[in-house]
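The residues making up each chain are set out below.
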Amino acid sequence: MLDDRAKLLLKTLVERYIAEGQPVGSRTLSREPGLELSAATIRNVMSDLEAAGLIASPHTSAGRIPTARGYRLFVDTMLTAQREQLTAPRLAPDQPQKVIANAAHLLSSLSQFVGVVMAPRRASVFKQIEFLRLSDRRLLVIIVSPDGDVQNRVIFPEADYTQSQLVEASNYINAHYAGLTIEQVRDRLQSEVEKLRGEIAALMQAAVNASSEVLTEAQDEVVISGERNLLAVSDFSSDMGQLRRAFDLFEHKAQLMRLLDVSSKAEGVRIFIGGESQVVPFEELSVVSANYEVDGQVVGTLGVIGPTRMPYDRMIQIVDITSRLVTNALSHRK
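Procedures and definitions
- Residues numbered from 1 in each chain as written.
- Predicted model: local features only at pLDDT ≥ 70, side-chain atom pairs only at ≥ 80, totals over all residues.
- Heavy atoms only, no water.
- Buried < 20%, exposed > 50% of the residue type's maximum accessible area, 1.4 Å probe, protein only.
- Helix = DSSP H or I, 4+ residues; strand = E, 2+ residues; numbered from the N terminus.
- Pairing = 2+ DSSP bridges.
- Axes fitted to C-alpha atoms, helices over the stretch in contact; angles between N-to-C directions.
- Contact = heavy atoms within 4.5 Å.
- 1 Å grid on protein atoms, 1.4 Å probe; cavity = no way out; pocket = protein on both sides within 12 Å on 5 of 7 lines; lining within 4 Å.
- Points joined across faces, edges and corners; volume = space filled by probe spheres on them.
- Nonpolar A, V, L, I, M, F, W, Y, C, P; charged D, E, K, R; others polar.

Novice: Summarise the pairing of strand S10 (residues 297-307); cite the residues concerned and give the values.
Specialist: S10 sits mainly inside the fold: 9 of its 11 residues count as buried. Note that strand S3 (residues 114-118) and S10 share 4 bridges and pair antiparallel. Along S10, the bridge assignment pairs Val117 with Leu302. Pairing of strand S9 (residues 285-294) with S10 involves 10 bridges; the strand directions are antiparallel. Within the sheet, the bridge partner assigned to Ser289 lies in S10 and is Gly303. Counted between consecutive antiparallel strands, the loop separating S9 from S10 contains 2 residues, among which Asp295 sits at a positive phi close to 50 degrees.

Novice: Describe the sheet that holds S9, with residues and values.
Specialist: Read from one edge to the other, the open sheet built from 5 strands follows the order S7-S3-S10-S9-S8, with strand pairing classed as antiparallel. Each end of this open sheet is capped by a strand with a single partner; those strands are strand S7 (222-225) and strand S8 (270-273). In this sheet, neighbouring strand axes are inclined to one another by 20 degrees on average, regardless of whether the strands run parallel or antiparallel. With respect to the sheet, helix H5 (residues 96-111) is in contact with S3, S7, S9 and S10, its orientation differing from that of S3 by roughly 155 degrees.

Novice: Go over empty space enclosed by the protein, please, and point to the residues and values.
Specialist: All told, the structure shown has 1 cavity of 30 Å³ or more when counted by the stated rule. Volume-wise, the largest cavity comes out at about 30 Å³. Lining the largest cavity are 10 residues; nearest its centre among them are Phe126, Ile129, Val185, Ala207 and Val208. When residues of the lining of the largest cavity are traced back to their parent elements, those giving at least two are helix H6 (163-177), helix H7 (182-192) and helix H8 (198-219). In terms of residues, the lining of the largest cavity owes the most to one element, H8, which gives 4 residues. Taken together, the residues of the lining of the largest cavity break down into 9 nonpolar, 1 polar and no charged.

This is a description of form; function is not addressed.
Below, the structure is given as structure tokens:
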């Protein structure tokens with residue numbers, strides 16, 4: 001447990017390092033207003049902070065820099081958000097894809113880092129399912145959502161069905177299961193499968209599987225903007241290996257999706273600091289994220305990705321404001 005003196009020194013060191021990007025030495029800290037400590041005392045406290053794993057000494061400097069653990073303590077207990085006037089243009093109600101693209105660009109332009117937005121999750125509800133026979137054991141499943149969105153999937157059932165059997169099956173499914181979520185249909189199918197005729201049960205299972213695939217694919221979209229901003233960040237531009245790892249993360253979106261999915265399970269603005277867990281894969285990166293909603297329901301996550309040496313107070317404001325703008329734009333879309 002840190003005493004007040006150690007907390008104040010750590011806070012001052014982190015803020016100085018974020019502002020200047022250079023390791024902070026005891027002599028520099030001794031000149032900071034408000035500390036009023038001798039250089040010798042500061043060296044002793046810094047030694048304690050280093051032993052606690054909160055700061056570290058780069059090989060090339062006598063100064064210290066924060067570790068991921070130091071950043072975490074700073075963010076959780078010492079961060080004082082300066083409420084500044086951010087000029088953020090209104091996101092006009094539009095098609096979700098355009099709102100999301102505009103939001104990613106807004107995040108990157110305001111932060112000067114990378115903006116990421118997870119596309120809205122589709123409600124896993126179908127209004128209507130139809131089957132069309134294409135050829136022997138080759139069917140087209142047509143899935144219509146409540147808002148009129150149409151998705152298609154070609155399936156290859158084990159049995160061959162006539163078009164009249166397909167019409168009968170789709171009529172039965174639409175009459176008894178329309179309006180339920182795919183998960184609810186799957187649960188009911190498990191309990192009712194013995195009561196259903198063989199071809200209807202098989203086609204229902206095929207429809208559920210096709211619907212699940214369509215919905216999963218629709219959700220596996222992350223819009224990224226501003227990757228080139230990292231080229232101007234000294235933390236990355238001086239180390240091509242770090243920069244390459246960051247760009248690999250943006251290219252292979254599965255890891256990014258998992259990160260944003262973790263963010264979606266919490267309320268408010270979340271901060272993930274690289275190196276402290278498996279959530280953020282690289283020590284050099286931090287993520288500030290928040291959910292956005294449509295008509296009161298959380299449907300996606302957005303955020304800023306940048307170096308661990310980022311002005312967290314400003315990033316919190318940018319992410320919070322953008323999530324509200326996206327929520328408003330999507331909730332009022334005609």
